[in-house]
Amino acid sequence: MVTTDKLLFGAAYYPEYMPYERMDTDFSLMRDAGMNVIRIGESTWSTWEPEDGAFDFSLLVRTIEKASDYGLQVIIGTPTYAPPSWLCDKCPDILAVTKDGRCLYGHRQLSDITSPDYLRYSERIIRKMMEVCREHDNIIGYQLDNETRSGDGMSETNQARFVARMKGKYNGDISSFNHEFGLAYWSNSISSWDCFPDLRGTVNGSLRAAYKAYLRDLVTEFLAWQAKIVREYTRPGQFITHNFDFSWKEYSFGIQPLVNQKDAAAALDVAGCDIYHLSQNDSDGAMIAFGGSVARSLKKENYYVLETQAQGRTGWTPFPGQLRLDAYSHLSSGADMLEYWGWHSIHNSFESYWKGILSHDLLPNDTYKELSDWHHEFAGAESHLTGLKKICNAAILADNRSLTGIDEFPLDDSDTASPDYNTILRSFHDASYRRNIETDIVYSDDDWAGYGMLIVPALYSADKTVIKRLRDYVQNGGHLVMSFRSLMSDSELKIFSEPLPCGLTDVFGMTYDRFTVPDDSCFITLSGEKERCISYIELLRPDDCDVIASYDEPAWNRYACITTKCFGKGRATYIGANLEPEALENVLEQCAAASGIRPSHYRFPIITKTGVNRLGRIITYVFNYSSESREYTVSCECSSLINGNVTVRQGDIIKIEPWNLVILEQNGLNNPKDG
Amino acid sequence: MVTTDKLLFGAAYYPEYMPYERMDTDFSLMRDAGMNVIRIGESTWSTWEPEDGAFDFSLLVRTIEKASDYGLQVIIGTPTYAPPSWLCDKCPDILAVTKDGRCLYGHRQLSDITSPDYLRYSERIIRKMMEVCREHDNIIGYQLDNETRSGDGMSETNQARFVARMKGKYNGDISSFNHEFGLAYWSNSISSWDCFPDLRGTVNGSLRAAYKAYLRDLVTEFLAWQAKIVREYTRPGQFITHNFDFSWKEYSFGIQPLVNQKDAAAALDVAGCDIYHLSQNDSDGAMIAFGGSVARSLKKENYYVLETQAQGRTGWTPFPGQLRLDAYSHLSSGADMLEYWGWHSIHNSFESYWKGILSHDLLPNDTYKELSDWHHEFAGAESHLTGLKKICNAAILADNRSLTGIDEFPLDDSDTASPDYNTILRSFHDASYRRNIETDIVYSDDDWAGYGMLIVPALYSADKTVIKRLRDYVQNGGHLVMSFRSLMSDSELKIFSEPLPCGLTDVFGMTYDRFTVPDDSCFITLSGEKERCISYIELLRPDDCDVIASYDEPAWNRYACITTKCFGKGRATYIGANLEPEALENVLEQCAAASGIRPSHYRFPIITKTGVNRLGRIITYVFNYSSESREYTVSCECSSLINGNVTVRQGDIIKIEPWNLVILEQNGLNNPKDG
Amino acid sequence: MVTTDKLLFGAAYYPEYMPYERMDTDFSLMRDAGMNVIRIGESTWSTWEPEDGAFDFSLLVRTIEKASDYGLQVIIGTPTYAPPSWLCDKCPDILAVTKDGRCLYGHRQLSDITSPDYLRYSERIIRKMMEVCREHDNIIGYQLDNETRSGDGMSETNQARFVARMKGKYNGDISSFNHEFGLAYWSNSISSWDCFPDLRGTVNGSLRAAYKAYLRDLVTEFLAWQAKIVREYTRPGQFITHNFDFSWKEYSFGIQPLVNQKDAAAALDVAGCDIYHLSQNDSDGAMIAFGGSVARSLKKENYYVLETQAQGRTGWTPFPGQLRLDAYSHLSSGADMLEYWGWHSIHNSFESYWKGILSHDLLPNDTYKELSDWHHEFAGAESHLTGLKKICNAAILADNRSLTGIDEFPLDDSDTASPDYNTILRSFHDASYRRNIETDIVYSDDDWAGYGMLIVPALYSADKTVIKRLRDYVQNGGHLVMSFRSLMSDSELKIFSEPLPCGLTDVFGMTYDRFTVPDDSCFITLSGEKERCISYIELLRPDDCDVIASYDEPAWNRYACITTKCFGKGRATYIGANLEPEALENVLEQCAAASGIRPSHYRFPIITKTGVNRLGRIITYVFNYSSESREYTVSCECSSLINGNVTVRQGDIIKIEPWNLVILEQNGLNNPKDG
């Protein structure tokens, strides 16, 4: 990874979209606000190649050179996620075939990324751009494509590739394939690899999941292919990144179901992402923390925020002070770049009210002023704040196969509002977050040994190797905190025929075979309080474990809801019901304490986030995500970095204004894990 | 119908779906639980014929023979509702064409059941199976297909058949066809039978209804065709049945709109059905009673429950005791077979969390134990409880043409939540049920003479013959209780141009020509209570009748809502508004009393259901469908069958625990109609 | 326009739909009720031409002649909006291609009105009908087609026509076209006019809006083409009209987005429309007033109500008295014809429960009697009430480009419930209406000079000429009351890069560049009351204006919500937030007062509507749209026209019964503008 003492601070810039020429004005405003980087080039293939083979990079070159004049560094994006209309007209197979048929031209991310035509034309435009760009010194890196998708491709070609993959995986044995996928059901067995029915019609959840896994791997393959091309042209010191996005609920929400980001990141030098979140009274920093944890997990290193909102969507217009608070929130998670989307608001087409820093009048406005002011404040402490090293004692395991599993087999298949995987994942993340337990995101192939607590929400799909590794984690001293709906099926979503949680019944000291959807009157008693179970409960039969909570409902009161057990050198806790947020926070706080993680005195809206800076000192951010002022008591001597660098001492009470923060640098070196 | 002293008790069994071989274990567990029957074979054509013309019945034979070893009888299902993929690949016309185009392979019940290819291949697999099965003594019967559908077929061939049907019905006279269907409207008249526009576009409700009637008749035809083939192979004593299902609202709800079940049942020996219902605190026995009444109506005899839930869907996991309560509920409606779906939960594909008796771990669990315990309890009184003869004094008229009529012409065409036919039908059924008025379901071609009260909800469509028969029913002493939205159109949904209710204005002594959707403030006064009218009211103009209730709303207070009149030897009551459940219960209880049906002292959640057993004695089931214990006062000397067979006497008070029951056998012979 | 002393009073009549012959009965009933006109002929092409080239106008002629016998005048509708099935079978291209593909035959208004086949056959049937009709004296006019639509056509031919239009508009300069439409975005630039991607896929809001404008112009063109043909046959004194409808929310609601009605009306002699509205307790007269204002605007003259509900849809059945109240409501807006849809209820097909005057039993009923009684009452004052000349002092500007703009760029693009243009337009209209400020509807090319107040809601799209004219309006003394979301984009929806409100920041003395969606706690203080802002607020930065209200929310309290400023000889008020109805009423009442419009002492449910009759006297209708009686104090000596013509004097208090009214004719001539 490319590191620097300076925060990379800037915005996506689209001179192609401007209603009139004003590059000098823009770059001058950027420079004045302390910005040092722009991202250009992606999205605008039709500008660089308006007709087949007719290239025109004059605007690109002018932008790069002008940026240099104003001391701005440049990230070049390859433009492949939005091919021009002439190309789709010439080669219609570039547009993906989905279950609704061939896509119509217009939207982005509709390409069939396996199409030979698409790949051939993409390679040509990339090489042409790289030939132009390699000459320019102020280009610091390249972004491959943007939020890459497989186009949800279900063309015959795609299906043929998938069938070949399955045939390879099952060594050509159609009958073991039929058996693993349970295709006898409803007479769906396949008699030969050559006679595979159109997958768009299948009802088989395993088959659909395998196809989704195939589509995810296409993205990995595609980015590796682009990286290889781009790398032929890069200089030492230039990075290759990609802009990974998150699952979407009108804002960034959970892990991206369409991409295995960790796999895809293998081809990159540094992970990049875009994070969009609610604002105003819903501003809570949780998505920034979650997104940061995901992004850090991809290369086990700090990351770039390649896009985040300035004004954003109409409902997101930030309250005064919130842009500053968000900027520090990103830094406190380990972001080494902060790039807004975009510099200006767009006057036509589609994302016109996804507003950038400047509004449509293109004048310096309150948004611009707040960012500019923020950067001037930040610059005074920059060497203490950049390159923050995060060290978390707890981790959360995320898994795309399990996500698919819960899509295919929802907790309550009669209710479309049944919580999906990301909702469950976020509920566990956010409960930790709100109790100031900082977490990494990890995957099933990561090494979890360093974590005192491993939270495993809804790991619906797991092969026997993973189950064995979870057992070993506990055996060797870890605290495994597993939720309902875990270890129910193998990696092809075939449900286990062993007792649940599969392979770990002795570790947890309990089993169960039944679960249900409770009505509104299903409670447990937790720390003396009645807490409601929502949407899903498992009827745990304790064997050799401590029962933390059982169901109050007379029909189920012989079953446990939450159990814990010491096993080997560690501990295994199981949470068998979906709980209301506060109850889950309570449980996770208890789990953290039992894992040797020091409890925080603070809860949301006071959020503390820590790390070690380049000077080896502990930095503690203390955020107040609320519209009321709050107090914070200092626990040891520190410098308060952005308030005149004053020294504060143990016991000092700091008043934190609404939507404000303090940043404390501990005087003396330390390891945050100790405290 | 095949009768036996023993209850047929068992489950659907799918060795094809098992993750590993365990037939001995399964059959041994079944036998231990008192089970004596399994249903096999349906759903798995691709197992019996994995490739075109390659047949392999080894698993089928092994299952039948092994069942025999364990004393289990077998029902064989023909597998035609789920053709294999190779067949649909070879003959694409097997897949139905709907308004969305040709179906994709994958789901069941998507065949065009008029396709010659489909019929040819179906016949071959059926004959091949029958040749194998005819040899086995423990096969007691055959199920044709499963929940047969027409595939909603709208192919050109289907349309051509439909046009020919219409041409025949109207003797080739296109102009009388245009007139009856009102096709002049919006210029839709058809100039010749050869130039019939694609019916998928029509806006004409009569035409759509006629097409739906055609599709229903295809099912009748198809089952008769299968029955004829199967009967070539059956031995005396073997039955032919079919698994009829109900309309579906995430659970069984009302009559099946896609099949005229009584017509289709003509080809069968015994009616079978599947009943799925809510559970836990929503368990009320109402769907079991309704489904039983429908199933009894098909052959005017007892019926088989070919499928009902063990654990069922995630939200249905029964409270302890509810499986037992449900089992008795089925028996008290006249079920002679009780077969669960299925024996085990399925590890792949689609209905994996529609759980059987065993969970995915395939171990004997609480569900298994409750059923096993139930059967041992039941066995002690088996000869008193099987073959219960139901005798109802009241009937409810159900009608698929009227159902279609209300689909095409909803009560409120501006509100998609406007109650549909089944909602209305169920509201009348359930109101009776909750006041312990047991009802048969009858059709317009049945003989209603034996019933003291005939409830006719929303008989939107009726030809003049039916209207005449309703008049005669009253004339001859019956009490006709008719609801709003009745007798409005003929059998082609042409709205009558006579005064409403068409043909019976003198019988009811009132008429009306206006109706509306009230807002929330529309009340009537009934037995001194204000009762709300919901979603639909008719403005009745009483002429020569008693007004039971008028509207309180000043704008409508000159119109009646409920009227009654003695006519001939009988009585005619008209309910002109959709009422809240309790108000409707009240009205129907009054109607029953006026019909000479003895009022019950009990209301839901205490439900009493009666019949005469093989010994000629009256059996009274007294259910408590609630989580609180209730008391029941005995009205005459009885034996309490499943509580040690103790004798109870008039005036004894029996406490019935939550989700529990007593079964009383009256000492001495009697006719429940008298009491 | 054809004028007459007599109100045209009648119904649409469809003998084609009748279940049996009864024309004498019908016409006799009509005559008895005072009716003098029927509309026939539209909708029933297949009756006039049952097969290609086989014409049969016998029923048409018989109806016209029979009408003459009963003194009924006739309006003939051309039948083109519902072509017969044989024609669509013969020429499939008659059916429009939409984004879902070629339409299926069945529904009306699905023709591609650019199809040469459609036009050729349409012309032939029109000419054939005209040849028949020209002979008949009692035909007073012709209606062209009915509620004409473009069929939402997106065929290749349509696209080619659209591209040619764009090429013409941009003088063939593809690059200025790309620039104006911002097609560089997402690489959507078009390299040549010959290679225009299928518009059905575009994401570009400007392009979609331009296509919608093109579709609207097709309707204008089509009606002009029909008018030309029909006019070849008309006699002096016969009128040509069209039945314009409104946007639809299960009832008429706002302006029609699919037609530029004022443009289309250029080909007509008199504007016609259909108005359907809520009833019973939701009856408020607002849609009748709004629809009347729109219809008056088309020819700047009185208009015909060609359709309005008798019984209407099931939920609309009017309370006793409401048909009378509605009839007067239409007259008080300037309607010169009142024609119900339809005479009878229809016994088949689709609109069967959109009931006419007669119910399906075809007997004179309460609806018939109320209309008949009404007409007899009305006839006594007919010469005082017909031909009412409306004179409004305030106007509301409506604009279809802005409507499209807000469809493409909703106020909150993350919320499908975000208010659309018509909701905003109606909120301003209704707020005025409820405070008894009568308004005209005007368009951007109208002359607004005569109005004291011009209300401009959400004029999202405006070219520089319109902006200049708005400035001039204020400069010259008008009071411009503009709402949020105005003057944001040009006529191609390209968002302005000037400060907002574009071109008028000096006129308003404020600007803004940010806006957002508030949560439920965003209030302003208005006349001392806290008033909630709903769904959208703009953060106004006052410069040189009076602030009427600012936001209470601490985050936004430095921004204004409502401002006003004297500019030139006039005043400019800006309302920057969507307000609850009562708050908006309050603001508009203040604005009216500041515009010199005399405030009314009455508010809804007392509604006063005025005009000048043919005698030059001021007529004031005073309606009570409520179920409680209200009092009204007379302001000057008048005759109370329909209550025995009694004289009432200043200060007299008149009690108005529920759903009732008084009509006062001022004694002496006057100009309502003075008072």
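Counting of residues starts from 1 at the beginning of each chain's written sequence and follows it residue by residue. A letter from A marks each chain and a number from 1 marks each ligand, given out in the order of writing. Owing to the predicted nature of the model, reporting of local features is limited to residues with pLDDT of at least 70; listing and counting of side-chain atom pairs is limited to 80 or more, with chain, interface and lining totals taken over all residues. Heavy atoms throughout the structure, all of them, feed into the side-chain values; hydrogens and water do not.

## Digging into the overall build of chain A
- Strands are runs of DSSP state E lasting at least two residues, helices are runs of H or I lasting at least four, and both sets are numbered from the N terminus onward. Regarding its fold elements, chain A presents 18 helices and 30 strands.
- For a compact globule the rule gives 2.2 Å times the number of residues to the power 0.38, and the radius of gyration it is set against comes from C-alpha atoms. A compact globule built from 675 residues should have a C-alpha radius of gyration of about 26 Å, and chain A, at 26 Å, falls within 12% of that.
- If you line up chain A on its principal axes, its C-alpha atoms span 75 × 75 × 40 Å.
- Using a 1.4 Å probe on the protein chains alone, a residue whose accessible area is under 20% of its type maximum counts as buried, one over 50% counts as exposed, and one in between counts as partly exposed. The buried share of chain A, reckoned over its 675 residues, is 67%.
- Pairs of residues are marked as contacts when any of their non-hydrogen atoms sit within 4.5 Å. The contacts in chain A between residues at least 6 apart in sequence include a share of 74% that link residues at least 24 apart.
- Only the protein chains shown count as cover for residues, and all accessible areas are computed by the Shrake-Rupley method using a 1.4 Å probe. Accessible area of chain A: about 21,900 Å², with a carbon and sulfur share of 47%.
- Only four residue types enter the tally: Lys and Arg on the positive side, Asp and Glu on the negative side, with His and both chain ends excluded. Think of each charge as sitting on NZ of Lys, CZ of Arg, CG of Asp or CD of Glu. Mean positive and mean negative side-chain charge positions of chain A (65 and 93 charges, respectively) differ by 3 Å.

## Remarks on the domain arrangement of chain A
Residue and element names in this part refer to chain A.
- All domain edges in this entry derive from an automatic or database-based domain assignment. Taken as a whole, chain A is organised into domain 1 (8-147 + 217-385), domain 2 (156-208), domain 3 (394-594) and domain 4 (606-666).
- The gap between the C-alpha centroids of domain 1 and domain 4 is 32 Å.
- Taken together, the contacts link 20 residues of domain 1 with 17 residues of domain 4.
- Per-residue buried area on domain 1 facing domain 4 is highest for L325, S332 and H384; these three make up 36% of the total on that side.
- Just to be clear on terms, a salt bridge is a Lys or Arg side-chain nitrogen sitting within 4 Å of an Asp or Glu carboxyl oxygen. Connecting domain 1 to domain 4 are zero salt bridges.
- Throughout this description, a polar contact denotes any pair of N or O atoms lying within 3.5 Å of each other; where both atoms belong to protein, one of them has to be capable of donating a hydrogen while the other can accept it, and for residues adjacent in sequence the pair is counted only when both atoms sit in side chains. On inspection of domain 1 and its partner domain 4, the count reaches seven residue pairs in polar contact (both at pLDDT 80 or more).
- Looking at which element gives the most residues to the side of domain 1 that touches domain 4, the answer is helix α11 (residues 322-332), with seven residues.
- Three classes are used: nonpolar for Ala, Val, Leu, Ile, Met, Phe, Trp, Tyr, Cys and Pro, charged for Asp, Glu, Lys and Arg, and polar for all others, with Gly counted as polar. Considering only residue class, the side of domain 1 that touches domain 4 consists of seven nonpolar, 10 polar and three charged. Defined in terms of a 1.4 Å probe, buried area is the accessible area two parts forfeit on being brought together, summed over both.

## Section: the pairing of strand β25 (residues 606-612) of chain C
Residues and elements named next belong to chain C.
- Extensive coverage of β25 is indicated by the burial of seven of its seven residues.
- Because side chains alternate across β25, one face comprises the buried residues I606, T608, T610 and V612, and the other comprises I607, K609 and G611, equally buried.
- A pair of strands is treated as paired once DSSP finds two or more bridges between them. As paired elements, β25 and strand β26 (residues 617-624) share seven bridges and run antiparallel to each other. When the sheet's bridge partners are listed, T610 is paired in β26 with T620.

## Remarks on the relation of the copies chain B and chain A
- Here the copies were fitted onto each other by least squares, based on C-alpha atoms from residues at pLDDT of at least 70 in both. Mapping chain B onto chain A calls for a screw motion: a turn of 120 degrees about the axis and a shift of 0.0 Å along it, with 0.1 Å RMSD after fitting. The relationship between the two copies is best expressed as a three-fold rotation axis. Taking C-alpha positions as reference, the residue of chain B nearest the rotation axis is D100(B), located at 6.3 Å.

## As for the interface of chain B and chain A
- Contacts between the two partners involve 53 residues from chain B, matched on the other side by 51 residues from chain A.
- For the pairing of chain B and chain A, the buried interface totals around 4,200 Å² over both sides, and the portion due to carbon and sulfur atoms is 53%.
- It is N348(B), S349(B) and Y353(B) that lose the most area in chain B upon contact with chain A, and together they represent 17% of the buried surface on that side.
- Here chain B is connected to chain A by three salt bridges.
- Counting across the interface, chain B meets chain A through 32 residue pairs in polar contact (both at pLDDT 80 or more).
- Put simply, the parts of the chain that give the side of chain B that touches chain A at least two residues each are α2 (45-48), α4 (85-90) and α12 (366-379) of chain B.
- For the side of chain B that touches chain A, the per-class residue count stands at 22 nonpolar, 21 polar and 10 charged.

## Points about the side chain of E16(B)
- Within the secondary structure, E16(B) sits in the loop between β1 (8-12) and α1 (23-32).
- It turns out E16(B) is buried and unbridged, and the closest side chain with the opposite charge, R62(B), is 9.5 Å from it.
- Filtering out sequence-adjacent residues up to four positions away, E16(B) remains in contact with A184(A), T44(B), T47(B), W48(B) and L59(B).

## Details of the sheet that holds strand β11 (residues 394-397) of chain A
Residues and elements named next belong to chain A.
- Spatial ordering of the open sheet is given by β12-β11-β13-β14-β22-β21-β20, a layout of seven strands whose pairing is mixed. Either end of the sheet is taken by a strand with one partner, and the two such strands are β12 (439-442) and β20 (546-550). In this sheet, neighbouring strand axes are inclined to one another by 20 degrees on average, regardless of whether the strands run parallel or antiparallel.
- Two strands pair when backbone bridges link them, and strand β13 (residues 453-456) and strand β14 (residues 479-483) are joined in this way by four bridges, in the parallel orientation. Bridge assignment links V456 to a residue of β14, and that residue is M482.
- Where helices are involved, their axes are fitted lines through C-alpha atoms of the stretch in contact, as for all axes, and angles between N-to-C directions lie from 0 to 180°. Against the sheet, helix α18 (residues 581-594) touches β13, β14, β21 (560-567) and β22 (570-575), its axis set at about 175 degrees to β22.

## Notes on the packing of helix α15 (residues 421-434) of chain B against helix α18 (residues 581-594) of chain B
Residue and element names in this part refer to chain B.
- Running from amino to carboxyl end, α15 crosses α18 at an angle of 70 degrees, the nearest separation of the two axes being 8 Å. When the axis of α15 is compared with that of α18, the two are roughly perpendicular. Where α15 crosses over α18, the two elements pack in a sense that is right-handed. Here α15 contributes S427, F428, A431, S432 and R434 to the contact with α18, which in turn contributes L584, E585 and L588.
- Of the residues in the contact of α15 with α18, the class split is four nonpolar, two polar and two charged. Orientation categories follow fixed angle ranges, with anything under 35 degrees roughly parallel, anything over 145 roughly antiparallel, 65 to 115 roughly perpendicular, and all other angles oblique. Crossing handedness is defined as follows: a turn of the near helix away from the far one that is anticlockwise and smaller than a right angle gives a left-handed crossing, while the clockwise case is right-handed.

## Looking at the side chain of K355(C)
- Note on placement: K355(C) falls in the loop between β11 (335-341) and α12 (366-379).
- D513(B) provides the closest opposite charge to the buried, unpaired K355(C), separated from it by 5.0 Å.
- Those residues in contact with K355(C) that lie beyond four places of it in its chain are D513(B), R514(B), F515(B), A310(C), Q311(C), G312(C), W341(C), S345(C) and H360(C).

## Things to note about the pattern of salt bridges
- A full pass over the atoms with the stated rule returns 147 salt bridges over all chains.
- Between E637(A) and R649(A) there is a salt bridge, with its nearest N and O atoms 3.6 Å apart. A residue pair is termed long-range when its members are at least 10 positions apart, and E637(A) in the loop between β26 (630-633) and β27 (638-640) and R649(A) in the loop between β28 (646-648) and β29 (653-656) qualify at 12 residues.
- The partner of D420(C) in a salt bridge is K249(C), and the shortest N-O contact between them spans 3.9 Å. Note that D420(C) is positioned in the loop between α14 (400-408) and α15 (421-434) and K249(C) in the loop between β8 (243-244) and α9 (261-265), a separation of 171 residues in sequence.

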